[in-house]
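# Residue-level structural notes
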Amino acid sequence: GAVVSQHPSWVICKSGTSVKIECRSLDFQATTMFWYRQFPKQSLMLMATSNEGSKATYEQGVEKDKFLINHASLTLSTLTVTSAHPEDSSFYICSAYPGQGVRGAKNIQYFGAGTRLSVL
Amino acid sequence: RKEVEQDPGPFNVPEGATVAFNCTYSNSASQSFFWYRQDCRKEPKLLMSVYSSGNEDGRFTAQLNRASQYISLLIRDSKLSDSATYLCVVNITGANNLFFGTGTRLTVIP
């Protein structure tokens, strides 16, 4: 199947610092990438939709100035958590969507392995 | 109202048992349906797509009832390795993003 690489897999940082998470589609071009957040024992919640070359679309309640998303190429999207605080500690997962008609069944997204963020 | 609703479980079943999970979705414009599996502290992985005619993949059978807006997953002959959280996932017409249920936790006991 398609491969999506997410880096880093785990980061521990001090409160107030910024953390950048990268999401790369390794063997396909992703017109759209998604960023999700998952708190313990809860489901994935979509934070934002990232389209190559345009501004990300944020879900209600997600601060766009705090969670900066850049999708500069068809294979790379980054999420920067600015001035992270302990309440931002969570599991962040990206997914990439290759577009309809690509790689079999439509609307399938391929997930990165996730980034566990712990803010002290 | 949530887009996708699932019984969170947990379901604790012995090895070899058959177990079924159910899921309902609220938007009649939903067009694509999936079951994902998520292991603890890992990313979700696609288990199977769900088609209107129902589909089977080995020990796993998925069913879709559009009239009732209901999706099911049946696991036969449960293995210890089936222990995971099973996520019901829906895509709505015109939207690229997926809507996830909260997941159903399954533990298969030796």
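Scroll up to find the structure this text is about.
Glancing now at the overall build of chain A. Of regular secondary structure, chain A possesses zero helices and eleven strands. Of the regular secondary structure in chain A, the N- to C-terminal order runs β-β-β-β-β-β-β-β-β-β-β. In terms of C-alpha radius of gyration, chain A reaches 14 Å, essentially the compact-globule figure of 14 Å for 120 residues. Reported as C-alpha extents along the three principal axes, the dimensions of chain A are approximately 45 × 30 × 25 Å.

Here we take up the pairing of strand 5 (residues 45–50) of chain B. All names here are of chain B. Both strand 4 (residues 30–38) and strand 5 contribute to a ladder of five bridges, which runs antiparallel. Directly across from Phe33, in strand 5, lies its bridge partner Val50. Hairpin remark: strand 4 followed by strand 5, antiparallel, with six residues in the connecting loop; positive phi at Arg41, about 65 degrees.

Moving on, we come to the packing of aromatic side chains. Counted under the stated rule, the structure contains twelve aromatic pairs over all chains. Ring plane angle 80 degrees and centroid distance 5.3 Å describe the contact between B:Phe11 and B:Phe21, whose orientation is recorded as edge-to-face. Taken together, the positions of B:Phe11 in strand 2 (residues 11–14) and B:Phe21 in strand 3 (residues 19–25) put the pair ten residues apart, joining distant regions of the chain. Under the relative-accessibility criterion, B:Phe11 is labelled partly exposed at 23%. Assessed through its relative accessible area of 1%, B:Phe21 is described here as buried. An aromatic cluster is present here, built from A:Phe34, A:Tyr36, A:Phe111, B:Phe34, B:Tyr36 and B:Phe100 joined pairwise through their rings. Of note, A:Arg116 hangs over the ring of A:Phe91, and the distance from its end group to the ring centre comes to 4.4 Å.

This part takes up the state of the cysteines. One pass over the full model with this rule turns up two disulfides over all chains. Across the disulfide, A:Cys23 is cross-linked to A:Cys94 (sulfur-sulfur distance 2.0 Å). On the sign convention where negative means left-handed, the S-S torsion of about 80 degrees between A:Cys23 and A:Cys94 marks this disulfide as right-handed. Highlighted residues: A:Cys23 in strand 3 (residues 19–25) and A:Cys94 in strand 9 (residues 90–97), separated in sequence by 71 residues. Each sulfur of the disulfide joining B:Cys23 and B:Cys88 lies 1.9 Å from the other. Handedness of the B:Cys23-B:Cys88 disulfide follows from its S-S torsion of about -75 degrees: it is left-handed. On the criterion of sequence distance, the pair formed by B:Cys23 in strand 3 and B:Cys88 in strand 9 (residues 84–92) is long-range, its members being 65 residues apart. Its sulfur unpaired, A:Cys13 is 18 Å from the next cysteine sulfur, which belongs to A:Cys94. Not engaged in a disulfide, the cysteine B:Cys40 finds its nearest cysteine sulfur in A:Cys94; these two sulfurs lie 19 Å apart.

This paragraph deals with the interface of chain A and chain B. Contacts between the two partners involve 20 residues from chain A and, on the opposite side, 20 residues from chain B. Summing both partners gives a buried area of about 1,600 Å² for chain A against chain B, and 54% of it is carried by carbon and sulfur. Viewed at the interface, chain B and chain A are joined by zero salt bridges. Counting across the chain A and chain B interface gives three residue pairs in polar contact (both at pLDDT 80 or more). For the side of chain A that touches chain B, the elements supplying multiple residues, two or more each, are strand 4 (32–38) and strand 9 of chain A. The dominant element in the side of chain A that touches chain B, judged by the number of residues it contributes, is strand 4 of chain A, at four residues. Grouping the amino acids of the side of chain A that touches chain B by side-chain chemistry returns eleven nonpolar, seven polar and two charged.

Calculation rules
- Residues numbered from 1 in each chain as written.
- Chains lettered and ligands numbered in written order.
- Predicted model: local features only at pLDDT ≥ 70, side-chain atom pairs only at ≥ 80, totals over all residues.
- Heavy atoms only, no water.
- Helix = DSSP H or I, 4+ residues; strand = E, 2+ residues; numbered from the N terminus.
- Rg over C-alpha atoms; globule rule 2.2 N^0.38 Å.
- Pairing = 2+ DSSP bridges.
- Phe/Tyr/Trp six-rings, centres within 6.5 Å; stacked < 30°, edge-to-face > 60°.
- Buried < 20%, exposed > 50% of the residue type's maximum accessible area, 1.4 Å probe, protein only.
- Lys NZ or Arg CZ within 6 Å of the ring centre and 35° of its normal.
- Disulfide = S-S within 2.5 Å.
- Contact = heavy atoms within 4.5 Å.
- Buried area = accessible area lost by both parts, 1.4 Å probe.
- Salt bridge = Lys/Arg side-chain N within 4 Å of Asp/Glu carboxyl O.
- Polar contact = N/O pair within 3.5 Å; in protein donor to acceptor, adjacent residues only side chain to side chain.
- Nonpolar A, V, L, I, M, F, W, Y, C, P; charged D, E, K, R; others polar.

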